[in-house]
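Summary of structural features
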Amino acid sequence: MVDVAAVDETFKRLQSHKGVLGIIVINADGIAIRTTFDNDLTVQYAALVSHFTVKARSAVKKLDGDNDLKFLRIRSKKHEIMIAPEFEKSHEYYLVVVQDPSRET
Amino acid sequence: MGEEASAGPPPAEEGEVPVVPETAGAAAEDKLGATANETALDGSAPAADADSGAAGSEVVAGDDAPVTDAEGAPVPAAGGDGAALAVATDGADGQQGGASGEAAAVDEAAAEMAVPAVPPPPPVELEPLPEDYVPVKDLPPMPEAFGRNEEGKPIPLHGVESLFLTGTTVELVGLSGLGPDRVMGEVTKEVLLGDIQFRGAISDFHALKARIQAADYEPLLIRIIEDDLYGDGNNFEIALTREAGDMWRSVGEEAARRAKLLELEAAHAAAERAKPRSKRVRKVKPWQSMGSELDIEEASVRPRREPIRLVVQRKRREFHQSGVKLADKDAHELWNSSQMECRPFKDPNFDMRRMEQDVSVQAVAPLRETSTQSSGAIPPRPANTQTRALDIDEDAKRELLQRPRSTPGSVADFLERVRDQCEVALVQNEITNIFRDDLAALNDEADGGGGGSRKETLVSEAQSFTHLTYSKNKVVSAIQWLPHRRGVVAVACTEAQSHAERVARMGRTAPAHILLWNFRDPIHPELVLQSPWEVFAFQFNPLQPDLLTGGCYNGQVVMWDLSTEVDRLGRRTAGGSGGTAGGAAKGVESGGSSGAAKAQVDLTPPPSAPAGTISTGGTGVAAIGGGTGSGDPTGGSSADGDAHIPVVKHRFMTDTQFSHHQVVTDLQWLPGVEISHRGKVTKLGEGSKECNFFATIAADGKVLFWDVRVEKLLKKGKKADDLLDLVWKPIHSVHLISLIGMDLGGTRLAFDFRRLEHGMFFAGSFDGELVYADFIKPEGEENPDYAKSCFQAHVGPVIALERSPFFEDVVLTCGDWQWQLWQEGSSTPLFQSGYAQDYYTAACWSPTRPAVLYLADQSGSLEVWDLLDRSHEPSIRVTLAATPIMSLAFNPMPAAASAAQQAAQQLLAVGDATGVLRIMELPRNLRRPVHNEKKLMGTWLERQQQRLADVGSRQPTRAGARKEAEERKKEAEAAALAEAAAREAAAKDAAAAAAAGVPPSPADRKDRKGQHPAEFDEKAEQEYLKLEARFKAQLGLLPPEANGGTAF
């Protein structure tokens, strides 16, 4: 239970930043484990972001086999999508944060 | 049908069976001798008849009975003796039949088809029908109980007399039992004679007495005559001879027999009917000819001649000759064509004739129409790409989330590790504007930095328009861009006359014109709108651009409807594109040749004759062209082309009585609202395409609201011809009063188009007042005061009043040498410019830059004020013309255009006092707003508000200080006055003392001057006296005591 609280606390903390629209934690299969978006948007983000991240990582790794992807920021016209991946063998998660800094929270 | 002709050689065409019986039969017969093999059969029975013991077998042919086919024939033949073959075999019999040449006798036998009469089985219960039973209806007709004469009419038999018996007689002789059932009765002679004797002459038998006595049999028979058979009215007849009586008896017996037979027959028939269908006995009916035998006759084939009878014989010993060897052969050898003895060949003699038959078959694919339609509710997607998102159940998710720290796969750990990265990024985004386009800003800076080309920084003239007849030396008093067409500007031209000159010629109509200039033709206006009076303000209906209204000098409002002209214009521009292209070369560098070419193109006669004014104008221009000489191609061509310019007269004009009484100075359409007669304003729905109202302001202090749907005013029953009688009245009127209580001489109107329904507007006046008023009539007040506030803004007429396109509550006013910014609701201007060198004549906001203003002045200069750059002087000042600029207008942009588009196509139309319309191109830095300009301008306005507030807050202190200063000044003045009075008195005394011939002393001279110079003069005088005294002392002219007295 303590660890769930830690997760909650992290979410809360990230959400306190200005213009954060939503946060998702995705597992290696592209399944959202925890989200603050509604279901449809979560499914969309989970599917698209996990594919994109895998691609981005393979690009980095192909350029240099020792290298690895650490962080990914996608800036769009409306907001920025930040992806913090972790590629451990046993457990692979992505943290996705969507932010529109021009919007007041 | 048909038969077999199986001659040695099989038919040439394999499998082909002869169809024509005659030929086949003939062929068979002709071949018999040659091949020793023959036939035509009649069924298998005759073949079976072929006697095995006989040397020859008989075969009956020639009948039309069905024939077995080739395969059927050999079987009976084989059943007979192998030596005699009288059978049709095919090629195979070359082995057998060919060797034994046996003859076959052909005979004819007619097959009698006799149908035996099958006696019906006797019914079980019923009395059997007699042996010689013949159905009753088939029996010979019943013998008649009477004879017939030559004509066939019935007559009594010989020995029979007909007689009439009365009912009494019938009873008397005992015949009353006779009737239809029993037609005959017996009466003895004795009775009859007794009756004759008893009744004498009245007896019915009296006449026959002798014959009755002579009758040769006893008793006599009497029959009823039915239906007056003999036609003599008698009803009975009597047989008087035995012969006749026997005849009658036999007839009666026969009738009884037949009746009984009938009965029996009926009973049998009923029994038969009662049986089930399968058990019924069918009677074989004798054949009855209905003509079918003829058909059969026709269809049947009969031999035309007697069958030939021939006998082929061979001696018995000649059978089985030693020379014949029989051996087995392989089938493939046997059937090999090289080994076969009997090879097929084509014999022209037996070439088969074939009947031709034309048959055609056509396959027609069945046509079927079907259709399917998808519902469209779900976007089509192939079934194999439809997906559903993977998911895991909530428990699994929770398990993952709850996985304790520092175990593999702990989400909490993961978040701990990545959180900082994310936060850094988030904070970065918070402190810098991530959406700012740095490259675009860079571009702006490059432009604004002064490094651009001349074109990018200077206001340059793109085009200019003037027309010798309509606009030369006139004042361009109003400019409007056509809202729906690009590159078309309308200008109103008025005479350059002073008010006094106008008053002098008041009352006479002065036709004036509005010209529509198209950028494609700088020489000829596209259209000329004629008005009976000079137009000082006009505007196109923003939503129905074919309508425009203008305010005239005499206060009337006129309306033009261009919708009828649009087609004509379209044709004209399409047809004259060559000419306008020539003209678009600005006509300046175009020599005489291009001018001539243009004139040629334009010379095509117009479809409709122009109005009279045009023809006179044309001649006037021609005169001018002639005066200036042929060196001016534009002048010449415009004279030629004038005839083409269509002139449109106004459609409606307001009624003089209800119009303004002075010059209409401004006119504005009010889209999206509906104004009622009672001064109520209702807002139309969003996106409403209606714009039916406009407001005018004039120098008579009234703001009038008009409904453009003039046709509505037409009374019922009036026709369109009566339009001239129409009284076009304003639907609402607002009267404004100036500061000094007179009618406000209104000059400009400024509505808030975003909130028209609130009714608040600004109006400027000739006296420089700015009025903030409400045009909605309050309830229940007959003459309400519409003006909410009135300020003295300028000293001269307010020549411009415009709301900022970016800040709704900020209004630009311009008059005399100054412009001001006012904020709605404040009583002091937000900002006042410094006084300019020249009198301002026009002003407007930039449509794209919130902080930029354009002002035109009387010297012909255009000033551009960029308030963010500097506010004490214009940022740019360009001299456009030598004559005063009278009006400014920006080209309108469709609301849908983006800011960048608007910035890219910004043109400023400038009209001057000599009738020239100039289209100015603005430099990029004036078109394109700088980054955050609106925000910056907002803060600038705020700063001005703060300044005002600050000034206001210091007002009491400053007022006190001013009061103090004034008091001090007053005291000083009072003191000075008192001193002056004292001096004056002293001077008077001195004057009185020196009255006798003494030249006036310096003090006297001082008196003639003003109050202030007096002291100065006195000082100077003293100095002078000192100098004089010293000089005299030096010269020794003065006594020493005097010298010492005056010395220092």
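Check the entry above for the structure.
The notes below deal with the structure included here.

Cut-off values and rules
- Residues numbered from 1 in each chain as written.
- Chains lettered and ligands numbered in written order.
- Predicted model: local features only at pLDDT ≥ 70, side-chain atom pairs only at ≥ 80, totals over all residues.
- Heavy atoms only, no water.
- Helix = DSSP H or I, 4+ residues; strand = E, 2+ residues; numbered from the N terminus.
- Buried < 20%, exposed > 50% of the residue type's maximum accessible area, 1.4 Å probe, protein only.
- Contact = heavy atoms within 4.5 Å.
- Areas by Shrake-Rupley, 256 points an atom, 1.4 Å probe, with all protein chains shown as cover.
- Pairing = 2+ DSSP bridges.
- Axes fitted to C-alpha atoms, helices over the stretch in contact; angles between N-to-C directions.
- Phe/Tyr/Trp six-rings, centres within 6.5 Å; stacked < 30°, edge-to-face > 60°.
- Lys NZ or Arg CZ within 6 Å of the ring centre and 35° of its normal.
- Salt bridge = Lys/Arg side-chain N within 4 Å of Asp/Glu carboxyl O.
- Polar contact = N/O pair within 3.5 Å; in protein donor to acceptor, adjacent residues only side chain to side chain.
- Nonpolar A, V, L, I, M, F, W, Y, C, P; charged D, E, K, R; others polar.
- Arc of directions from axis to C-beta.
- Patch = residues over 30% accessible without salt bridge, like charges linked within 9 Å, V, L, I, M, F, W, Y side chains within 5 Å.
- Lys, Arg positive; Asp, Glu negative; His and termini not counted.
- Charge placed at Lys NZ, Arg CZ, Asp CG, Glu CD.
- Parallel < 35°, antiparallel > 145°, perpendicular 65-115°, else oblique.

What follows is about the overall build of chain B. Helix and strand counts for chain B come out as 26 helices and 39 strands. Evaluated residue by residue, chain B yields a buried proportion of 37% over its 1048 residues. Within chain B, residue pairs in contact and separated by at least 24 positions form 61% of the contacts whose partners lie at least 6 positions apart. Surface accessibility of chain B: about 61,400 Å² in total, with carbon and sulfur atoms responsible for 54%.

Moving on, we come to the sheet that holds strand β11 (residues 488-495) of chain B. Residue and element names in this part refer to chain B. The mixed open sheet is built from five strands, whose spatial order is β10-β11-β12-β13-β17. Strands with a single pairing partner mark the edges of an open sheet, and in this sheet they are β10 (474-481) and β17 (647-649). Across the sheet, the axes of successive neighbouring strands diverge by a mean angle of 25°, strand direction being ignored. In this sheet, strand β12 (residues 512-518) lies alongside β11 in antiparallel orientation, the contact comprising six bridges. Residue pairing across strands places Val491 opposite Leu515, the latter belonging to β12.

Residues and elements named next belong to chain B. This model, assessed by the stated rule, comprises 22 aromatic pairs over all chains. Between Phe694 and Trp706, the ring centres sit 6.4 Å apart and the planes meet at 15°, which makes this aromatic pair stacked. Here Phe694, found in strand β22 (residues 693-698), pairs with Trp706, found in strand β23 (residues 702-707); they are twelve residues apart in sequence, far enough to count as distant. In this pair, the class of Phe694 matches that of Trp706, namely buried. Taking 6.3 Å as the distance between ring centres and 70° as the angle between the ring planes, the aromatic pair formed by Phe705 and Phe751 counts as edge-to-face. Note that Phe705 is positioned in strand β23 and Phe751 in strand β25 (residues 746-751), a separation of 46 residues in sequence. Phe751 carries the same exposure label as Phe705, and that label is buried. Following the ring pairs from residue to residue traces out a cluster consisting of Phe465, Trp481, Trp517 and Phe519. Cation over ring: Arg223 sits above Trp248, and NZ or CZ is 5.5 Å from the ring centre.

Moving on to the interface of chain A and chain B. The partner chain B presents 33 residues to the 44 residues of chain A that form the contact. There are three salt bridges connecting chain A and chain B. Here Arg417 of chain B makes a salt bridge to Glu86 of chain A, at a shortest N to O gap of 2.2 Å. Remark: the boundary between chain A and chain B carries twelve residue pairs in polar contact (both at pLDDT 80 or more). At the level of elements, α1 (2-15), β1 (20-27), β2 (32-35), β3 (72-75), β4 (80-87) and β5 (92-99) of chain A are the ones that each hand at least two residues to the side of chain A that touches chain B. Element by element, the count of residues in the side of chain A that touches chain B is highest for α1 of chain A, at nine residues. Its residues assigned to classes, the side of chain A that touches chain B comprises 21 nonpolar, nine polar and 14 charged.

Further remarks concern the pairing of strand β33 (residues 840-845) of chain B. Residues in a regular strand project their side chains so that they alternate between the two faces of the sheet. Residue and element names in this part refer to chain B. Taking burial as the measure, the six residues of β33 include six buried ones, the bulk of the element. Alignment of β33 against strand β34 (residues 852-857), held across five bridges, turns out to be antiparallel. Its bridge partner lying in β34, Cys844 is registered against Tyr854. Once β33 ends, the chain turns through six residues before running back antiparallel as β34.

Turning next to the pairing of β3 of chain A. Residue and element names in this part refer to chain A. Relative to β4, β3 is paired through four bridges, and the arrangement is antiparallel. Directly across from Leu72, in β4, lies its bridge partner Ile83. Between β3 and β4, which pair antiparallel and follow one another directly, the connecting turn spans four residues.

All names here are of chain B. Taken as a whole, helix α5 (residues 189-199) has its buried residues at Lys189, Leu192, Asp195, Ile196 and Arg199. Seen from one end, α5 has its buried residues packed into an arc of 135°, which puts them on one side. Turned more than 90 degrees away from the buried face of α5 sit Glu190, Gln197 and Phe198, all of them exposed. The inward-facing, buried residues of α5 abut α4 (167-172), β6 (184-187), α6 (209-214), β7 (220-224) and β8 (236-239). One or two residues past the end of α5 sits Gly200, with phi positive at roughly 70°.

Side chains that carry opposite charge are capable of pairing whenever their charged atoms lie near each other. All names here are of chain B. One pass over the structure, following the stated rule, counts 34 salt bridges over all chains. Note that Glu186 is salt-bridged to Arg249, the shortest N-O span being 2.6 Å. Remark: Arg249 occurs in helix α7 (residues 242-274) and Glu186 occurs in strand β6; sequence separation between them is 63 residues. Since its relative accessible area comes to 45%, Glu186 is described here as partly exposed. Arg249 gets classed as partly exposed once you look at its relative accessible area, which sits at 28%.

All names here are of chain B. In this fold, Leu163 is placed in strand β5 (residues 160-163). Distance in space between the C-alpha atoms of Leu163 and Glu237 is 5.5 Å, their sequence separation being 74 residues. Not counting the four nearest positions on each side in its chain, Leu163 is found in contact with Asp204, Phe205, Leu208, Asn234, Asn235, Phe236, Glu237 and Ile238.

Our next topic: a negative patch on the surface. Residues and elements named next belong to chain B. Together, Glu226, Asp227, Asp228 and Asp232 make up a region of like negative charge exposed at the surface. If you trace the backbone, Glu226 turns up in the loop between β7 and β8. Given a relative accessible area of 45%, Glu226 falls into the partly exposed group.

Quick look at the packing of helix α22 (residues 933-953) of chain B against helix α23 (residues 955-993) of chain B now. Residue and element names in this part refer to chain B. It is at 4 Å that the axes of α22 and α23 come closest, and there the two elements cross at 45°. As summarised for this structure, α22 and α23 are arranged oblique, according to the angle between their axes. On α23, the residues that touch Val951, Gly952 and Ser953 of α22 are Gln955, Pro956 and Thr957. When its residues are assigned to classes, the contact of α22 with α23 shows two nonpolar, four polar and no charged.

The next thing to look at is the sheet that holds β2 of chain A. Spatially, the five strands line up as an open sheet ordered β2-β1-β5-β4-β3 (chain A), and their pairing is antiparallel. The strands lining the two open edges of the sheet, one partner per strand, are β2 and β3 of chain A. Neighbour-to-neighbour, the strand axes of this sheet turn through a mean angle of 15°, independent of strand direction. Judged from the eight bridges that link them, β4 of chain A and β5 of chain A form a sheet pairing that is antiparallel. Following the sheet pairing, Glu80 of chain A is matched in β5 of chain A by Gln99 of chain A. Seen against the sheet, helix α10 (residues 394-402) of chain B touches β2 and β5 of chain A and runs at an angle of roughly 75° to β2 of chain A.

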